[in-house]
Amino acid sequence: MNNDKSNILNQTQVENCESNSDLRQKLPRKLAVHFLSNSNEWETPQYLFDELNKEFNFTLDPCCSVANKKCSKYFTIAEDGLTQSWRGETVFMNPPYGREIGKWIKKAYEESLNGATVVCLIPARTDTSYWHDYIFNKAEIRFLRGRVKFGDGKNSAPFPSAIVIFKANFTG
Ligand SMILES: C[S@@+](CC[C@H](N)C(=O)[O-])C[C@H]1O[C@@H](n2cnc3c(N)ncnc32)[C@H](O)[C@@H]1O
């Protein structure tokens, strides 16, 4: 079965799943290949990173793999970027899009209070608790026109994206 309704459900599962093995178990084989081969880790397209980097001059990528890191200073799962200090850094953060995403947004907000500037590329899920608790009235928000093509994917993401900017010592 592969009607419209089942596609919508599966896309939501894609966004909520952390690991590829989760996805492979939940998605029909055809859809799993479509999403995983093209946008395995929702890697930031280089043009989008370059444009933001011109403006901010990033010093740290706190969530990446060695293969998709965007800065020379970086933290992978091995170092666990969530438990490291980002103090004083200008951070580019495209976090894991699974259930842990709220922890990354909280961390970005808290690190900005400690002097980091954190620029986030995240899904524009404006109804979520983390948007209401940590973004509205606390950060600059730039909604992106159209959908991002992550990684080397030919297909656009099934969700809208936003750039959220936590400025160091933001006072509102
Ligand atoms: C959406 S991808 C973004 C990758 C890259 N920063 C980019 O912008 O293209 C999120 C990355 O976070 C990594 N990650 C997951 N948990 C992490 C953790 N606790 N600490 C550091 N990196 C983590 C994943 O392996 C994945 O590569």
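Description of the structure in this document.

Cut-offs applied
Residues numbered from 1 in each chain as written. Predicted model: local features only at pLDDT ≥ 70, side-chain atom pairs only at ≥ 80, totals over all residues. Helix = DSSP H or I, 4+ residues; strand = E, 2+ residues; numbered from the N terminus. Buried ≥ 20, exposed ≤ 12 C-beta atoms within 10 Å, placed from the backbone. Contact = placed C-beta atoms within 7 Å. Pairing = 2+ DSSP bridges. Axes fitted to C-alpha atoms, helices over the stretch in contact; angles between N-to-C directions. Core = buried A, V, L, I, M, F, W, Y, C linked by C-beta atoms within 7 Å. Near = placed C-beta within 6 Å. Nonpolar A, V, L, I, M, F, W, Y, C, P; charged D, E, K, R; others polar.

## A word on the overall build of the protein chain
Here's step 1: If you tally the helices and strands in the protein chain, you get six helices and four strands.
Here's step 2: Helices and strands in the protein chain line up, N terminus first, as α-α-α-α-β-α-β-α-β-β.
Here's step 3: Put simply, the protein chain has 172 residues, and 27% of those count as buried.
Here's step 4: When contacts within the protein chain are restricted to residue pairs at least 6 apart in sequence, those whose partners lie at least 24 apart make up 64%.

## Side note on helix H4 (residues 46–56)
Here's step 1: Little of H4 is tucked away: zero of the eleven residues are buried.
Here's step 2: One or two residues past the end of H4 sits Asn 57, with phi positive at roughly 60 degrees.

## Some words on the sheet that holds strand S3 (residues 140–143)
Adjacent strands of a sheet form backbone hydrogen bonds with each other and so pair up, either parallel or antiparallel.
Here's step 1: Strand order in the open sheet formed by four strands is S1-S2-S4-S3, and the pairing between neighbours is mixed. What marks the edges here is a single partner per strand, and that holds for strand S1 (90–93) and S3. Sheet twist, expressed as the mean angle between neighbouring strand axes with direction ignored, is 15 degrees.
Here's step 2: Two strands pair when backbone bridges link them, and S1 and strand S2 (residues 117–123) are joined in this way by four bridges, in the parallel orientation. The residue bridging Val 91 from the neighbouring strand is Val 118, located in S2.
Here's step 3: Along the sheet, helix H5 (residues 101–113) contacts S1, S2 and strand S4 (161–166); its crossing angle with S2, the most-contacted strand, is approximately 160 degrees.

## Some points on the nonpolar core
Generally speaking, a soluble globular protein has its nonpolar side chains buried in company with each other.
Here's step 1: Formed by 31 residues in total, the largest nonpolar core has its most connected members in Val 91, Met 93, Ile 105, Ala 108, Val 118, Val 119 and Cys 120.
Here's step 2: Of all the secondary-structure elements, those providing two or more residues to this core are S1, H5, S2, helix H6 (129–135) and S4.
Here's step 3: Sequence-distant contacts of Val 91, defined by excluding residues within four places in its chain, comprise Phe 58, Leu 60, Pro 62, Trp 86, Ala 116, Thr 117, Val 118 and Val 119.

## Some remarks on the pairing of S2
Here's step 1: Of all seven residues in S2, six are buried, a share of seventy percent or more.
Here's step 2: Pairing of S2 with S4, which is carried by six bridges, proceeds in the antiparallel orientation. Note on S4: the bridge partner recorded for Val 119 is Ile 165.

## Section: the site of the ligand
Here's step 1: Near the ligand lie 19 residues; those nearest to it are Thr 44, Cys 63, Cys 64, Gly 81 and Asn 94.
Here's step 2: Counted by class, the shell around the ligand contains eight nonpolar, six polar and five charged residues.

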